[in-house]
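Coordinate inspection notes
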Amino acid sequence: MKVSLEELKNRQLIESSYEDSSLAENLNFKLKKPINIRFSLALSSDLISFNLAAEGTAVFECDRCLEDFDYKLGIDESSTIPLSDFGESIDITEELRQNVSLDLPVKKICRENCLGLCPVCGKNKNSENCGCKNTAPSEEGRINSKFEKLKNIKF
Ligand SMILES: [Zn+2]
Ligand SMILES: [Zn+2]
């Protein structure tokens, strides 16, 4: 969405809200529902007071356990920008894209203590205790092979 500066000069104040789902596609993540966006632009002499707020719920796949998890997006930015910084229009979508990309999590994990997947059997260790020992080959296997050797020794 773009707001023309001509229109802003005529009206002095422009406020609007809308929903956007294309942003998530551009930034490569999924959304539960479209992002709610509210913005206001107020012109006083040569300065624009810009407020941008957005709310939404993104869905990410956990890097450790590969389950989807929700991530709340919340943006509330205010800035004052000289009118001369803009050409013909202000691109709200681009402003939003920059803000949202800064708000995305660096580490995509469903929770701080996510146990991840079992490296042996691949089960999600958050929901089930598979009982695998993490060391491979397992302790049991080594003991068995020792007994195998003993069996072969003739007294
Ligand atoms: Zn996880
Ligand atoms: Zn396991």
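This structure is a prediction, so every number in the text was calculated from the model and none was measured.

Basis of the calculations
Residues numbered from 1 in each chain as written. Chains lettered and ligands numbered in written order. Predicted model: local features only at pLDDT ≥ 70, side-chain atom pairs only at ≥ 80, totals over all residues. Helix = DSSP H or I, 4+ residues; strand = E, 2+ residues; numbered from the N terminus. Buried ≥ 20, exposed ≤ 12 C-beta atoms within 10 Å, placed from the backbone. Contact = placed C-beta atoms within 7 Å. Core = buried A, V, L, I, M, F, W, Y, C linked by C-beta atoms within 7 Å. Pairing = 2+ DSSP bridges. pLDDT = per-residue confidence, 0-100.

Description of the overall build of the protein
The helix and strand inventory of the protein stands at four helices and seven strands. Listing the helices and strands of the protein from first to last along the sequence gives β-α-β-α-β-β-β-β-β-α-α. Scored against the burial criterion, the 155 residues of the protein give a buried share of 10%. Summarising the internal contacts of the protein: among those between residues at least 6 apart in sequence, 57% fall at separations of at least 24.

A look at the nonpolar core
Core analysis: the biggest nonpolar cluster contains 10 residues, these being L23, I35, I37, F39, L41, I48, A54, I90, L96 and V100. Sorting the residues of this core by element identifies β4 (35-44), β5 (47-61) and α3 (92-103) as the ones contributing at least two each. In terms of residue count, the dominant contributor to this core is β4 (four residues). If sequence neighbours within four positions are ignored, I90 has contacts with K2, V3, L5 and L41.

Points about unusual backbone geometry
One non-glycine residue, N28, lies in the positive phi region at around 70°. The exposed category is assigned to N28, around which 8 C-beta atoms lie within 10 Å. Even without glycine at this site, L66 takes up a positive phi of about 65°. Along the polypeptide, L66 turns up in the loop between β5 and β6 (68-82).

Some remarks on the pairing of β4
With eight bridges joining them, strand β2 (residues 13-20) and β4 adopt antiparallel strand pairing. Each bridged residue has a counterpart across the sheet, and for D20 the counterpart in β4 is I35. Inspection of the sheet shows β4 paired to β5 by nine bridges, in the antiparallel sense. The residue bridging A42 from the neighbouring strand is S49, located in β5. Connecting β4 to the antiparallel partner β5 that follows it, the hairpin turn spans two residues, and S45 within it adopts a positive phi of roughly 45°.

Things to note about the environment of L23
Within the secondary structure layout, L23 lies in helix α2 (residues 22-27). Taking the C-alpha atoms as reference points, L23 and E94, separated by 71 residues in sequence, lie 9.1 Å from one another. Excluding anything up to four places from it in sequence, L23 contacts I35, T93, L96, R97 and V100.

Here we look at the confidence of the model for the protein
Averaged over all residues, the pLDDT of the protein equals 87, while 86% of them reach at least 70. Taking the mean pLDDT of every element in the protein, the minimum, 54, falls on helix α4 (residues 139-152) and the maximum, 96, on β4.

Brief notes about the pairing of β6
With respect to burial, β6 is a largely exposed element, only zero of its 15 residues being buried. Taken together, the 15 bridges between β5 and β6 define a ladder with antiparallel strand orientation. Each bridged residue has a counterpart across the sheet, and for A54 the counterpart in β6 is I75. Connecting β5 to the next strand, β6, in antiparallel fashion are six residues, including L66 with a positive phi near 65°.

Here we look at the environment of S16
By the secondary structure assignment, S16 is in strand β2. Between the alpha carbons of S16 and I37 there is a distance of 8.3 Å; along the sequence they are 21 residues apart.

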